[in-house]
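# Working through the structure, step by step
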Amino acid sequence: MSGQPNHPTLLIPGPIEFDDAVLQSMSHYSESHVGAPFVATFGETLSMLRKLFQTEDPSSQPFVISGSGTLGWDLVAANLAEPGDEVLVLHTGYFADSFADCFETYGVRATQLKAPIGSRPQLPEIEKALKEKKYKLLTVTHVDTSTGVLSELKALSEMVHRVSPDTLVIVDGVCSVGCEEIEFDKWQLDGVITASQKAIGCPAGLSISMYSGRAIKTFQARKTPPGSYFASFKNWLPIMQNYEAKKASYFATPSPQLIHALHTSLTQILSKPLAERFAAHRAASQKIKEAVTDLGLKQLASDPANQANGMTAIYLPENVKAPELLPNLLKKGVIFAGGLHKEIAAKYIRFGHMGVSVTDSKRDDIGRAIQALQNGLSEAGYQKA
């Protein structure tokens, strides 16, 4: 039984529900960020991230920096691309627009390859784009939080390495790390950026990322200095290397309490095989998607191959409005998110199913949420045709 105060179950695509032990870690007493106990905790946290991302390559480098997932875009744009460079941004929703905007802020030329809402760019058209122009980076949103679209990474990376071997493969994994399979080494990924508050199951406030040795060499070969001070690898790389080596180091003060919470969450995640965790998320996702179909509703991602396992974006019936349905669901003890994609925001809702809501067998978050959705739609006047 949770020791948290009674509260509506948070089932949006992040932040998610947190385990009691993770929240208790946030209450850790104040300590020096350069003291040996904290340095050891931070070092262990960085080493555990290697296991989560499934990399054993010593040249890979994890980063944990105070900030939101958005900081990951700046880390990529400021360090791995230079003004005038060309980058190809694969678009599956709102967050590709934002990533492209971030690149443009640093003087990097971003070309977006877009797909219809609920779909993703296909490999032949991506290959065609790569053959037409030399791109420094290719970015892909593994799961776009605005649409629930899942992108294929393994085949994509294989194609990029074959067609444009010098192009770095960068993954926005904010809504996927911890609930979707990512094999950093095997898939030859060059960067994966994420955040603490989604499937990793730690309160918001940490930008978490992993970069390949090839990406670090790209940074080291820059002709111009990074366009950011706080997001510069020049400042952060030695800090992360020292912390992982259990050596005190300082550039900017980290949050010891958040690092302790992340350490606890990663310890829990890695206490079981990752394959079991991913399977649990797939099973919960399938249960939810079957319930959505049984209700006569449609998803933004209509093709099962494009459907994420940590969230579901659901089109509402024409006579049901999100501003009326969502408060009713809140009264029933669950919180869903409204639409985010600017073209169709009023037409759909988003159901997040990540972390302890899926993996803790003592919780019935998913079953209660499905029942609440069924009742809420009925009370709004909806009847399956």
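Because the structure is a prediction, the values reported are computed rather than measured.

### Details of the sheet that holds strand 14 (residues 348–352)
An order of 11-14-13 is seen for the 3 strands of this open sheet, with the pairing classed as antiparallel. Strands with a single pairing partner mark the edges of an open sheet, and in this sheet they are strand 11 (311–315) and strand 13 (337–338). Here 2 bridges tie strand 13 to strand 14, and the two strands are oriented antiparallel to one another. Residue pairing across strands places Ala 337 opposite Arg 350, the latter belonging to strand 14.

### Describing the packing of helix 3 (residues 70–79) against helix 4 (residues 94–105)
Their axes nearest at 9 Å, the elements helix 3 and helix 4 cross at an angle of 40°. For the element pair helix 3 / helix 4, the angle class is oblique. Helix 3 and helix 4 meet at a crossing whose hand is right-handed. Within the contact between the two elements, helix 3 uses Trp 73, Asp 74, Val 76 and Ala 77 and helix 4 uses Phe 95, Ser 98, Phe 99, Cys 102 and Phe 103. Split into classes, the residues belonging to the contact of helix 3 with helix 4 amount to 7 nonpolar, 1 polar and 1 charged.

### With respect to the environment of Ala 100
Summarising the element assignment, Ala 100 is placed in helix 4. For Ala 100, a relative accessible area of 5% translates into the label buried.

### Digging into the sheet that holds strand 9 (residues 191–195)
One open sheet holds the 7 strands; their spatial order is 2-10-9-8-5-3-4, and the pairing between them is mixed. The outermost strands of the open sheet, each flanked by one partner alone, are strand 2 (61–66) and strand 4 (109–114). Mean inter-strand twist for the sheet, computed between neighbouring axes without regard to direction, equals 20°. Here strand 3 (residues 86–91) runs beside strand 4; their pairing, made up of 6 bridges, is parallel. Its bridge partner being in strand 4, Glu 86 is matched across the sheet by Arg 109. Across the sheet, helix 4 is in contact with strand 3, strand 4, strand 5 (137–141), strand 8 (168–172) and strand 9; its angle to strand 4 comes to roughly 165°. On the sheet, helix 9 (residues 256–269) packs against strand 2 and strand 10 (206–211) and is oriented at approximately 60° with respect to strand 10.

### Thoughts on empty space enclosed by the protein
A water-sized probe, rolled over the atoms, reveals where empty space remains. For the structure shown, the criterion picks out 1 cavity of 30 Å³ or more. Roughly 30 Å³ of internal volume is contained in the largest cavity. As for the largest cavity, its lining consists of Leu 52, Phe 53, Val 177, Gly 178, Glu 180, Ile 182 and Phe 278. Class assignment for the residues of the lining of the largest cavity results in 5 nonpolar, 1 polar and 1 charged.

### Description of the pattern of salt bridges
Under the counting rule described, the total for this entry stands at 16 salt bridges. Arg 363 is the partner of Glu 17 in a salt bridge, and the nearest nitrogen-oxygen pair spans 3.1 Å. Of this pair, Glu 17 sits in the loop between strand 1 (9–10) and helix 1 (20–25) while Arg 363 sits in the loop between helix 12 (356–359) and helix 13 (365–379); the two residues are 346 residues apart in sequence, bridging distant segments of the chain. Glu 17 sits in the buried class, given a relative accessible area of 5%. Among the charged side chains, a network of salt bridges with common partners joins Glu 17, Arg 363, Asp 365 and Arg 368.

### Some thoughts on unusual backbone geometry
For the bond from Gly 14 to Pro 15, the omega torsion is 0°, close enough to zero to count as cis. Of note in this structure, Gln 188 is not a glycine but carries a positive phi near 55°. Relative to the assigned elements, Gln 188 resides in the loop between strand 8 and strand 9.

### A look at the packing of aromatic side chains
Using the criterion set out here, one finds 15 aromatic pairs in the structure. Geometrically, the ring pair formed by Tyr 94 and Phe 95 is edge-to-face, given 4.9 Å between the ring centres and 75° between the ring planes. In this structure an aromatic cluster arises from ring pairing among Trp 73, Tyr 94, Phe 95, Phe 99 and Phe 103.

### Structural notes on the environment of Glu 181
Looking at the secondary structure, you find Glu 181 in the loop between strand 8 and strand 9. Along the backbone, Glu 181 and Phe 53 are 128 residues apart, and their C-alpha atoms lie at a distance of 8.8 Å. If near-sequence neighbours (up to four positions away) are discounted, Glu 181 is found in contact with Gln 54, His 142, Trp 187 and Phe 278.

### Focus: the layout of surface pockets
Volume-wise, the largest pocket comes out at about 940 Å³. If you trace the largest pocket, you find 35 residues lining it, with Asp 19, Val 356, Asp 360, Lys 362 and Arg 363 closest to the centre. Elements with a minimum of two residues in the lining of the largest pocket: helix 1, helix 9, helix 10 (274–294), helix 12 and helix 13. Residues that form the lining of the largest pocket fall into these classes: 11 nonpolar, 12 polar and 12 charged.

Quick notes on the rules
Residues numbered from 1 in each chain as written. Predicted model: local features only at pLDDT ≥ 70, side-chain atom pairs only at ≥ 80, totals over all residues. Heavy atoms only, no water. Pairing = 2+ DSSP bridges. Helix = DSSP H or I, 4+ residues; strand = E, 2+ residues; numbered from the N terminus. Axes fitted to C-alpha atoms, helices over the stretch in contact; angles between N-to-C directions. Parallel < 35°, antiparallel > 145°, perpendicular 65-115°, else oblique. Left-handed = near helix turned anticlockwise from the far one by under 90°. Contact = heavy atoms within 4.5 Å. Nonpolar A, V, L, I, M, F, W, Y, C, P; charged D, E, K, R; others polar. Buried < 20%, exposed > 50% of the residue type's maximum accessible area, 1.4 Å probe, protein only. 1 Å grid on protein atoms, 1.4 Å probe; cavity = no way out; pocket = protein on both sides within 12 Å on 5 of 7 lines; lining within 4 Å. Points joined across faces, edges and corners; volume = space filled by probe spheres on them. Salt bridge = Lys/Arg side-chain N within 4 Å of Asp/Glu carboxyl O. Phe/Tyr/Trp six-rings, centres within 6.5 Å; stacked < 30°, edge-to-face > 60°.

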